[in-house]
Amino acid sequence: DGGITQSPKYLFRKEGQNVTLSCEQNLNHDAMYWYRQDPGQGLRLIYYSQIVNDFQKGDIAEGYSVSREKKESFPLTVTSAQKNPTAFYLCASTQATNEKLFFGSGTQLSVL
Amino acid sequence: AQRVTQPEKLLSVFKGAPVELKCNYSYSGSPELFWYVQYSRQRLQLLLRHISRESIKGFTADLNKGETSFHLKKPFAQEEDSAMYYCALYNFNKFYFGSGTKLNVKP
């Protein structure tokens with residue numbers, strides 16, 4: 001069953017802790033994206049990657065880091081520098097960069 | 001800077017009534033615009049894109065460059081249309097999303 005998988009579904013972060021959100025796709029898509037969703041604010045772009053070993057900052061990259069070592073995987077790390085990490089995080093992918101985005105089911109991150 | 005505005009957070013209509021979800025954008029070039037939808041307990045998914053000029057589930061959207069708008073319309077709303085709708089703009093490898101409009105179709 002092809003698709004894009006995010007894990008975990010829920011994640012809790014302690015003060016000063018880094019946490020990593022997983023995003024895996026088996027659609028053979030080149031481009032992958034991370035968005036943050038806050039109530040009433042829509043989706044804001046954190047990072048995106050067009051090809052393996054390359055990625056660019058989005059509009060709200062501060063406090064986050066990513067890697068793209070494999071085509072299928074685009075993990076997002078929420079670092080301790082991100083002071084307001086509580087949000088719903090969505091990962092998406094697309095074959096060509098102006099084609100439709102396929103979304104994961106999301107990860108809800110909360111601070112303990 | 002690119003920007004997508006959806007002025008309505010919530011839109012409630014009765015079944016069978018016409019629906020128009022507003023989307024305005026700011027962009028200096030030729031935009032590529034999309035509507036995405038999220039039904040309850042489902043993933044965000046593409047509804048339609050302006051270059052396809054298609055009608056999906058009875059919805060249409062026309063790009064009006066003069067008014068910089070891409071409003072989503074349906075002549076007769078159905079209860080199953082109740083969902084969250086997002087307008088999106090693509091530019092230079094990035095997709096920009098509006099804040100979304102929740103459509104509630106009442107029986």
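Up top you'll find the structure we're talking about.
Residues numbered from 1 in each chain as written. Chains lettered and ligands numbered in written order. Predicted model: local features only at pLDDT ≥ 70, side-chain atom pairs only at ≥ 80, totals over all residues. Heavy atoms only, no water.

### Digging into the interface of chain B and chain A
Quick note on the threshold: Note on contacts: a residue pair qualifies if any of its non-hydrogen atoms lie within 4.5 Å across the two residues. Reported buried area values correspond to the accessible surface (1.4 Å probe) lost by two parts on association, with both partners' losses combined. Salt bridges are counted wherever a side-chain nitrogen of Lys or Arg sits within 4 Å of a carboxyl oxygen of Asp or Glu. Here a strand is any run of E in DSSP of at least two residues, a helix any run of H or I of at least four, and the numbering for each starts at the N terminus. When residue character is reported, Ala, Val, Leu, Ile, Met, Phe, Trp, Tyr, Cys and Pro are called nonpolar, Asp, Glu, Lys and Arg charged, and the others, Gly included, polar.
Listed per partner, the contact involves 17 residues of chain B and 22 residues of chain A. In total, chain B and chain A occlude about 1700 Å² of area from one another, counting both sides; carbon and sulfur atoms represent 53% of this. Among the residues of chain B in contact with chain A, Arg43, Asn93 and Phe95 of chain B are the three that bury the most area, contributing 32% of the side total. At the junction of chain B with chain A, the criterion picks out 0 salt bridges. Secondary-structure elements contributing two or more residues to the side of chain B that touches chain A are β5 (32-38), β6 (45-49), β9 (83-91) and β10 (94-97) of chain B. Per-element tally for the side of chain B that touches chain A: the top contributor is β10 of chain B, with 4 residues. Here the side of chain B that touches chain A is composed, by residue class, of 10 nonpolar, 3 polar and 4 charged.

### What about the layout of surface pockets?
Residues and elements named next belong to chain B. Operational definition: In this analysis, the protein atoms alone were mapped onto a 1 Å grid. Cavities are point sets where a 1.4 Å probe fits without being able to get out; pockets are open sets with protein on both sides within 12 Å along at least five of seven lines; lining residues have an atom within 4 Å of a point. Grid points are joined across faces, edges and corners, and a volume is the space filled by probe spheres set on the points.
Taken as a whole, the largest pocket spans an internal volume of roughly 450 Å³. Counting only elements with at least two residues in the lining of the largest pocket, the list comes to β9 and β11 (101-106). A class-by-class count of the residues in the lining of the largest pocket yields 8 nonpolar, 9 polar and 4 charged.

### A look at the sheet that holds strand β8 (residues 72-74) of chain B
Residues and elements named next belong to chain B. Heads up, the condition is: At least two DSSP bridges between two strands are needed for those strands to be called paired.
The strand order β3-β8-β7 describes an open sheet built from 3 strands, whose pairing is antiparallel. The open sheet terminates on both sides in strands that have one partner only, identified here as β3 (19-21) and β7 (60-61). Bridge analysis of β7 against β8 gives 2 bridges, and the strand direction is antiparallel. When the sheet's bridge partners are listed, Ala61 is paired in β8 with Leu72.

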